[in-house]
Amino acid sequence: SQELEQSPQSLIVQEGKNLTINCTSSKTLYGLYWYKQKYGEGLIFLMMLQKGGEEKSHEKITAKLDEKKQQSSLHITASQPSHAGIYLCGADLRTGFQKLVFGTGTRLLVSP
Amino acid sequence: KAGVTQTPRYLIKTRGQQVTLSCSPISGHRSVSWYQQTPGQGLQFLFEYFSETQRNKGNFPGRFSGRQFSNSRSEMNVSTLELGDSALYLCASSPAGPGSGGYTFGSGTRLTVV
């Protein structure tokens, strides 16, 4: 089973609407990273969260790490076509050799 | 400040051949990690190097290997290529040692095995 679950798997929203992507872990998150990826390209770093209850914002994107450090959410306000892509959460779970464990990703499409 | 540079961007190889991919980290970054991304498995951790030493290794066969040079540049090698090795290979660099966070990814190398 996947250590890091992302939901939803895909999302189509109308331009201007808000949306939320969730990332849930069965283990404590020691560091949670959000990345955006255009198809076939590299990952663009969005935000890193480490402390329970932490919240960070950049432009219209806000990410939160819950108090128990097992879930994070990414919220986009007033979505734009430029927000389209695949959003990936990566977690430092401190489980053996793994450095970052990634979720399966959320594919976002923004319709005009 | 230059980002993480991966070369080549695209590669087509035949089954049984071997391939070497290169990753130049951000200047000053000493840790380099490699990941394989496929539609079926998503992003899977291959290995991490720090100060020319492999510190962590993922669950991949011995055909996958890597190394890091004194200037922190890293290479990964895949021998006896199989069709299933077709994937986007991504490397990420970070400033300090394992677990320090701050991973910056390159644009990746798209490997196609035919």
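Numbering of residues starts from 1 in every chain and runs along the sequence as written. Both sets of labels track the order of writing: A upward for chains, 1 upward for ligands. With pLDDT at 70 or above as the cut-off, local features in this predicted model cover only qualifying residues; side-chain atom pairs require 80 or more to be listed or tallied, and sums for whole chains, interfaces and linings still use all residues. With hydrogens and water excluded, all non-hydrogen atoms of the structure serve as input to the side-chain values.

## Some points on the overall build of chain B
In DSSP terms, a helix is any run of H or I states spanning at least four residues, a strand is any run of E spanning at least two, and both are numbered starting from the N terminus. Regarding its fold elements, chain B presents 0 helices and 11 strands. The order of α-helices and β-strands along chain B, N terminus first, is β-β-β-β-β-β-β-β-β-β-β. Here the radius of gyration uses the C-alpha set of atoms, whereas the globule reference equals 2.2 Å times the residue count to the power 0.38. Expected size for 114 residues packed as a compact globule is a radius of gyration near 13 Å; at 13 Å, chain B falls within 12% of this value. Each principal axis of the C-alpha atoms in chain B carries an extent, and together these give about 35 × 25 × 25 Å. Partly exposed residues are those whose accessible area sits between 20% and 50% of the maximum for their type, while under 20% is buried and over 50% is exposed, using a 1.4 Å probe and protein chains only. Evaluated residue by residue, chain B yields a buried proportion of 50% over its 114 residues. Note on contacts: a residue pair is in contact if any heavy atoms of the two residues lie within 4.5 Å. Nonlocal contacts in chain B, meaning residues at least 24 apart in sequence, comprise 53% of its contacts between residues at least 6 apart.

## A few points about the sheet that holds strand E7 (residues 61–65) of chain A
All names here are of chain A. In spatial order, the strands read E1-E3-E8-E7-E6; together these 5 strands make up an open sheet with antiparallel pairing. With partners counted over all chains shown, the strands left at the sheet margins are strand E1 (4–7) and strand E6 (55–58), one partner each. When strand polarity is set aside, the average angle formed by the axes of neighbouring strands in this sheet is 15°. Alignment of strand E3 (residues 19–25) against strand E8 (residues 71–76), held across 6 bridges, turns out to be antiparallel. Each bridged residue has a counterpart across the sheet, and for Thr24 the counterpart in E8 is Gln71. Pairing between two strands requires that DSSP report at least two bridges joining them. Axis lines are fitted to C-alpha atoms, over the contacting stretch for helices. Their N-to-C directions set the angle, which ranges from 0 to 180 degrees.

## So, the interface of chain B and chain A
With 21 residues of chain B at the interface, the matching set in chain A holds 16 residues. For any pair of parts, buried area is found by adding up, for both, the accessible area (1.4 Å probe) each one loses once the two are put together. A per-residue breakdown of the area chain B buries against chain A is headed by Leu43, Tyr103 and Phe105 of chain B, which together make up 33% of the total. A pairing counts as a salt bridge when a side-chain nitrogen of Lys or Arg comes within 4 Å of a carboxyl oxygen of Asp or Glu. Summed over the shared surface of chain B and chain A, the result is 0 salt bridges. Throughout this description, a polar contact denotes any pair of N or O atoms lying within 3.5 Å of each other; where both atoms belong to protein, one of them has to be capable of donating a hydrogen while the other can accept it, and for residues adjacent in sequence the pair is counted only when both atoms sit in side chains. Counting across the chain B and chain A interface gives 4 residue pairs in polar contact (both at pLDDT 80 or more). Of all the secondary-structure elements, those providing two or more residues to the side of chain B that touches chain A are strand E4 (31–38), strand E5 (42–50), strand E6 (53–57) and strand E9 (87–94) of chain B. Looking at which element gives the most residues to the side of chain B that touches chain A, the answer is E5 of chain B, with 3 residues.

## With respect to the pattern of salt bridges
All names here are of chain B. Summed over the entire model, instances satisfying the criterion amount to 6 salt bridges over all chains. The residue Arg67 makes a salt bridge to Glu75 at a minimum N-O spacing of 3.3 Å. A salt bridge links Arg73 to Glu75, with the nearest nitrogen and oxygen atoms 3.3 Å apart. Arg73 sits in the partly exposed class, given a relative accessible area of 23%.

## A closer look at the environment of Gly105 of chain A
All names here are of chain A. Mapped onto the elements, Gly105 comes out in the loop between strand E10 (101–102) and strand E11 (106–111). A residue is classified by how much of its surface remains accessible, and Gly105, at 6% relative accessible area, is buried. What Gly105 contacts, discounting residues up to four positions off in sequence, is Gln6, Pro8, Gln9, Ile86, Tyr87 and Leu88.

## Observations regarding the side chain of Gln68 of chain B
All names here are of chain B. Along the chain, Gln68 falls in strand E7 (residues 64–68). In this structure Gln68 comes out as buried when scored by relative accessible area, which is 6%. A polar contact of 3.3 Å, which involves the side chain of Gln68, links it to the backbone nitrogen of Phe50. At 2.9 Å, the side chain of Gln68 forms a polar contact with the backbone nitrogen of Glu52. Not counting chain neighbours up to four residues away, the residues in contact with Gln68 comprise Arg30, Val32, Tyr49, Phe50, Ser51, Glu52, Thr53, Arg73 and Ser74.

## Let's talk about the sheet that holds strand E1 (residues 5–7) of chain B
Residue and element names in this part refer to chain B. The strand order across the open sheet built from 4 strands is E1-E3-E8-E7, with neighbouring strands paired in antiparallel fashion. Taken across any chain shown, the strands that pair with only one partner, and hence form the sheet edges, are E1 and E7. Recorded for the sheet is a direction-independent mean angle of 15° between the axes of neighbouring strands. Here E7 pairs with strand E8 (residues 74–78) via 5 bridges, running antiparallel.

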